[in-house]
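What follows is the residue order along each chain.
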Amino acid sequence: MKILIDNGHGVNTKGKQSPDGRLREYAYAREIATRVMTELRGMGYNAERVVEEEQDVALSVRCKRVNDICKKVGTKNVLLVSIHNNAAGGDGKWHEARGFSSHVGMNASAKSKALAQYLWNEAILQGLKGNRCVPYAKYIAQNLAICRDTNCPAVLTENLFQDNKEDVDLLLSEEGKEKVTAVHVNAIVEFIKDYYG
Ligand SMILES: [Zn+2]
């Protein structure tokens, strides 16, 4: 299996930070993506980041990179997770919403939905449920280009809220970073074991 880790946004993407500026989504997602990739490689998995650049890379370019790899190694041998932080307001103020969620495209395959469920289950195990309702299906279907326009199983994770004070404190702590990393590593490993034997 080729495990692709995407991090949304770039240093030049506007907004996408905590109201106090301590957390910037582009930097946080890159740090977690690197941790996830490094841990998976340490366990012998073939993991790679889709975006090496600090600048924003257009969604169409990121999707093409993923699909080129699908073409090269076979779509059935690839999976993709895109790492983000959620936001309730986008108005530069603190908000109440907390916690993790797992997202797939409207055209998601059964495998995409399954991977999303593994991720949400793992987030609950790591205590990252926050104060949000977990939908029965344990994924939220949305029109997301990174999921919609890529050929392999693809999930986008929203890792807590960058505009909730408690979430930001947790996200920026070593404990929080280890939990968010573990959500991805554990879910991906379990998913591969169960679906690819
Ligand atoms: Zn994002």
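Going by the structure above, here's the rest.
Residues numbered from 1 in each chain as written. Predicted model: local features only at pLDDT ≥ 70, side-chain atom pairs only at ≥ 80, totals over all residues. Heavy atoms only, no water.

## Considerations on the side chain of Asn86
Next up, step 1: With respect to the secondary-structure elements, Asn86 resides in strand S3 (residues 78–86).
Next up, step 2: Here Asn86 falls in the buried class, since its relative accessible area comes to 12%.
Next up, step 3: Apart from the residues lying within four places of it in its own chain, the contact partners of Asn86 are Ser101, Arg132, Glu158, Asn159, Leu160, Phe161, Gln162 and Asp163. (Helix = DSSP H or I, 4+ residues; strand = E, 2+ residues; numbered from the N terminus. Buried < 20%, exposed > 50% of the residue type's maximum accessible area, 1.4 Å probe, protein only. Contact = heavy atoms within 4.5 Å.)

## Notes on the pairing of strand S4 (residues 101–105)
Next up, step 1: In terms of burial, S4 is a largely internal element, five of the five residues being buried.
Next up, step 2: Two elements, S4 and strand S5 (residues 140–142), share three bridges in a ladder whose sense is parallel. Within the sheet, the bridge partner assigned to Val104 lies in S5 and is Ala141.
Next up, step 3: This β-α-β element, S4 to helix H3 (residues 110–125) to S5, shows right-handed connectivity. (Pairing = 2+ DSSP bridges. Right-handed = clockwise from strand over helix to strand, strands pointing away.)

## Here we look at the coordination of the zinc ion
Next up, step 1: Within the protein, His9 (NE2), Glu25 (OE) and His84 (ND1) serve as the donor atoms for the zinc ion, at 2.1 to 2.2 Å.
Next up, step 2: Read from N- to C-terminus, the donor residues coordinating the zinc ion fall into the pattern H-x15-E-x58-H. Of this pair, His9 sits in the loop between strand S1 (2–7) and helix H1 (25–42) while Glu25 sits in helix H1; the two residues are 16 residues apart in sequence, bridging distant segments of the chain.
Next up, step 3: By relative accessible area, His9 is classed as buried at 14%. (Donors = N, O, S within 2.8 Å, 3.2 Å for Na, K, Ca; no water.)

## Looking at the packing of H3 against helix H6 (residues 174–196)
Next up, step 1: At a minimum axis separation of 8 Å, H3 and H6 run at an interaxial angle of 135°. Our classification of the angle between H3 and H6 gives oblique. With respect to the hand of their crossing, H3 and H6 are arranged in right-handed fashion. Together, Lys111, Ala114, Leu115, Tyr118, Leu119, Glu122 and Ala123 of H3 and Ala182, Val183, His184, Asn186, Ala187, Glu190, Phe191, Asp194, Tyr195 and Tyr196 of H6 make up the contact between the two elements.
Next up, step 2: Within the contact of H3 with H6, the residues separate by chemical class into eleven nonpolar, two polar and four charged. (Axes fitted to C-alpha atoms, helices over the stretch in contact; angles between N-to-C directions. Parallel < 35°, antiparallel > 145°, perpendicular 65-115°, else oblique. Left-handed = near helix turned anticlockwise from the far one by under 90°. Nonpolar A, V, L, I, M, F, W, Y, C, P; charged D, E, K, R; others polar.)

## Focus on the sheet that holds strand S2 (residues 46–49)
Next up, step 1: Reading across the sheet, the six strands line up as S2-S1-S3-S6-S4-S5 and stay open at both edges, with mixed pairing between neighbours. Where the open sheet ends on each side, the last strands, each with one partner, are S2 and S5. Adjacent strand axes in the sheet meet at a mean angle of 30°, parallel and antiparallel pairs treated alike.
Next up, step 2: When S1 meets S2, the two strands line up parallel, connected through four bridges.

## A few points about H6
At 3.6 residues per turn, the α-helix brings residues three or four places apart onto the same side.
Next up, step 1: End to end, H6 covers 32 Å across 23 residues, agreeing with the expected 33 Å (1.5 Å per residue, within 8%).
Next up, step 2: Positive phi shows up at Gly197, right after H6, with a value of about 50°. (Expected span 1.5 Å × (residues − 1).)

## Examining the environment of Lys179
Next up, step 1: By the element assignment, Lys179 lies in helix H6.
Next up, step 2: Along the backbone, Lys179 and Leu125 are 54 residues apart, and their C-alpha atoms lie at a distance of 9.6 Å.
Next up, step 3: Contacts of Lys179, omitting those with residues within four sequence positions, involve Gln126 and Leu128.

## Section: the state of the cysteines
Next up, step 1: The final tally for this structure, using the stated rule, is zero disulfides.
Next up, step 2: Residue Cys63 stays outside any disulfide, its sulfur separated by 8.7 Å from that of Cys147, the closest cysteine.
Next up, step 3: Here Cys152 stays unpaired: no disulfide links it, and the sulfur of Cys70, its closest cysteine neighbor, is 4.0 Å away. (Disulfide = S-S within 2.5 Å.)

## Here we look at the packing of H1 against H6
Next up, step 1: Two numbers describe how H1 lies on H6: the axes approach to 9 Å, and their chain directions differ by 50°. Judged on the interaxial angle alone, H6 and H1 are oblique. By crossing handedness, the relation of H1 to H6 is classed as right-handed. Contact residues: H1 offers Tyr28, Glu31, Ile32, Arg35, Val36, Glu39 and Leu40, while H6 offers Glu174, Gly176, Lys177, Glu178, Val180, Thr181, His184, Val185, Ile188 and Val189.
Next up, step 2: Per-class residue counts for the contact of H1 with H6 are eight nonpolar, three polar and six charged.

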